[in-house]
Amino acid sequence: MDLVHQFKDAIEILKLNKAKMAQVAGKKDSTLFGVGFLLVPGILNVILAALIFPSGFGGIFSKYLLWPIMIPALSFAATIFLVSLVAEKVFHGQKDHIGFFRIMAYASVVLWVSVLPFFMGLIGLGVDAYSLFNLVGLAGGLYLLYVMYNVLMEHHKLNKEKAIYTIVAAFFISIIVSSILGNILVGSAYRFY
């Protein structure tokens, strides 16, 4: 399948297209594309940030550059599985963790806009790329919670009340996972906010 078609599927999921959610959830090759949607923006951001980093491209390997940019994607992937587990075990939702991951990984295409702050910094538009990156990431994360709420009702078959409780759990799970990854990969200097 071509990449353009996969992007169109991801956009349809962001538009809450239920038929597209079901289609992506059921296709095995969607897993690989979903992982790509999650990881590519982080990789691009690390490269662009390294190009504008004062110490140059060698700074890409600094734990203070690499991991703070990659942790949100890794945290989101872990959060997806943990939220799916909560939906199944606590709220008796339909068991299909891989399908849920596929849908939410495709929805993470919204985070591709996080590449813009570093690109803008690279071409010299005078923006604070790191602050703008955090702001764009926050906005994208909030929209992903909205998509997740709808996917929980559609895919896990939760009612509105249980979906809301699961979203609250997702918020706290995300904070905990980000903090743990930050402390392991960066150390005590890491702040997820």
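Figured I'd write up the structure that's included with this text. Please read all numbers here as calculations on a predicted model, not as lab measurements.

**Focus on the overall build of the chain**
The helix and strand tally for the chain stands at eight helices and zero strands. Put simply, the chain runs from its N terminus to its C terminus through helices and strands in the order α-α-α-α-α-α-α-α. Against the globule reference of 16 Å for 193 residues, the chain gives a C-alpha radius of gyration of 17 Å, in line with a compact fold. For the C-alpha atoms alone, the extent of the chain along its principal axes is close to 50 × 40 × 25 Å. By the burial criterion, 43% of the 193 residues in the chain qualify as buried.

**Regarding helix α1 (residues 3-14)**
Helix length check: α1 (12 residues) gives 17 Å between terminal C-alpha atoms against 16 Å at 1.5 Å per residue, within 8%. Every buried residue of α1 is accounted for by Gln-6, Asp-9, Ala-10, Ile-13 and Leu-14. With its buried residues spanning 145° around the axis, α1 presents them on a single face. Of the exposed residues in α1, those oriented more than 90 degrees away from the buried face are Val-4 and Lys-8. Leu-16 lies just past α1 and shows a positive phi near 65°.

**A closer look at the pattern of salt bridges**
One side chain can pair with another of opposite charge once the charged atoms of both are near each other. All told, the structure shown has five salt bridges when counted by the stated rule. The closest approach of N and O atoms between Asp-9 and Lys-20, which form a salt bridge, is 3.1 Å. Remark: Lys-20 occurs in helix α2 (residues 18-26) and Asp-9 occurs in helix α1; sequence separation between them is 11 residues. Looking at Asp-9, the relative accessible area reads 2%, which means it is buried. Lys-20 gets classed as buried once you look at its relative accessible area, which sits at 15%. Shared partners join several salt bridges into a network, and the residues in it are Asp-9, Lys-20 and Lys-27.

**Description of the packing of aromatic side chains**
Counted by the stated rule, this structure contains nine aromatic pairs. On the numbers, 5.2 Å between centres and 85° between planes, the contact of Phe-7 with Trp-112 is edge-to-face. Separated by 105 residues along the polypeptide, Phe-7 in helix α1 and Trp-112 in the loop between α5 (97-107) and α6 (115-122) bring together distant segments of the chain. Between Phe-37 and Tyr-106, the ring centres sit 5.0 Å apart and the planes meet at 75°, which makes this aromatic pair edge-to-face. Highlighted residues: Phe-37 in helix α3 (residues 30-52) and Tyr-106 in helix α5, separated in sequence by 69 residues. In this pair, the class of Phe-37 matches that of Tyr-106, namely buried.

**A short note on unusual backbone geometry**
One non-glycine residue, Leu-16, lies in positive phi territory at about 65°. Mapped onto the fold, Leu-16 is located in the loop between α1 and α2.

**Digging into helix α8 (residues 160-185)**
The terminal C-alpha atoms of α8, which comprises 26 residues, lie 36 Å apart, in line with the 38 Å expected from a rise of 1.5 Å per residue. Every buried residue belonging to α8 is among Ala-163, Thr-166, Ile-167, Ala-170, Ile-173, Val-177, Ser-178 and Gly-182, and all of these are buried. The residue sitting at the N-terminus of α8 and contributing the capping side-chain oxygen is Asn-159; that oxygen lies 3.2 Å from the backbone nitrogen of Glu-161. Looking at the residues trailing α8, positive phi occurs at Gly-187, about 110°.

**Thoughts on a nonpolar patch on the surface**
On the surface, a nonpolar cluster with roughly 810 Å² of combined accessible area is contributed by Ile-164, Tyr-165, Val-168, Phe-171, Phe-172, Ile-176, Ile-180 and Ile-184. Structurally, the position occupied by Ile-184 is in helix α8. Note on Ile-184: relative accessible area 64%, which makes it exposed.

Rules used throughout
Along each chain, the written sequence defines residue order, and numbers are assigned to residues from 1. Local features in this predicted model are restricted to residues of pLDDT 70 or higher, and side-chain atom pairs are both shown and tallied only at a pLDDT of 80 or more, whereas totals for entire chains, interfaces and linings draw on every residue. The side-chain quantities take in all heavy atoms of the structure and omit both hydrogens and water. In DSSP terms, a helix is any run of H or I states spanning at least four residues, a strand is any run of E spanning at least two, and both are numbered starting from the N terminus. As defined in this context, the radius of gyration uses C-alpha atoms, and a globule is described by 2.2 Å times the residue total to the power 0.38. The buried label applies to any residue whose accessible area, calculated with a 1.4 Å probe on protein chains only, is under 20% of its type's maximum; exposed applies above 50%, and partly exposed to all values in between. What a helix is expected to span follows from its residue count: subtract one and scale by 1.5 Å. In this description, one arc is meant: the one made by directions from the helix axis to the C-beta atoms. Basic side-chain nitrogens of Lys or Arg form a salt bridge, by our definition, when they fall within 4 Å of a carboxyl oxygen of Asp or Glu. Aromatic rings from Phe, Tyr and Trp, taking only the six-membered ring of Trp, are treated as a pair when their centres fall within 6.5 Å; an angle between ring planes under 30 degrees marks them as stacked, one over 60 as edge-to-face, and anything in between as tilted. In protein, a polar contact means a hydrogen-donor-capable atom and an acceptor-capable atom, both N or O and within 3.5 Å, with residues adjacent in sequence counting only if both atoms are side-chain atoms; elsewhere, any N or O pair within 3.5 Å suffices. A patch consists of residues exposed above 30% relative accessible area that lack any salt bridge, with like charges linked at up to 9 Å and nonpolar side chains (Val, Leu, Ile, Met, Phe, Trp, Tyr) linked at up to 5 Å. Residue burial considers only the protein chains on display, and all accessible areas are found by Shrake-Rupley using a 1.4 Å probe.

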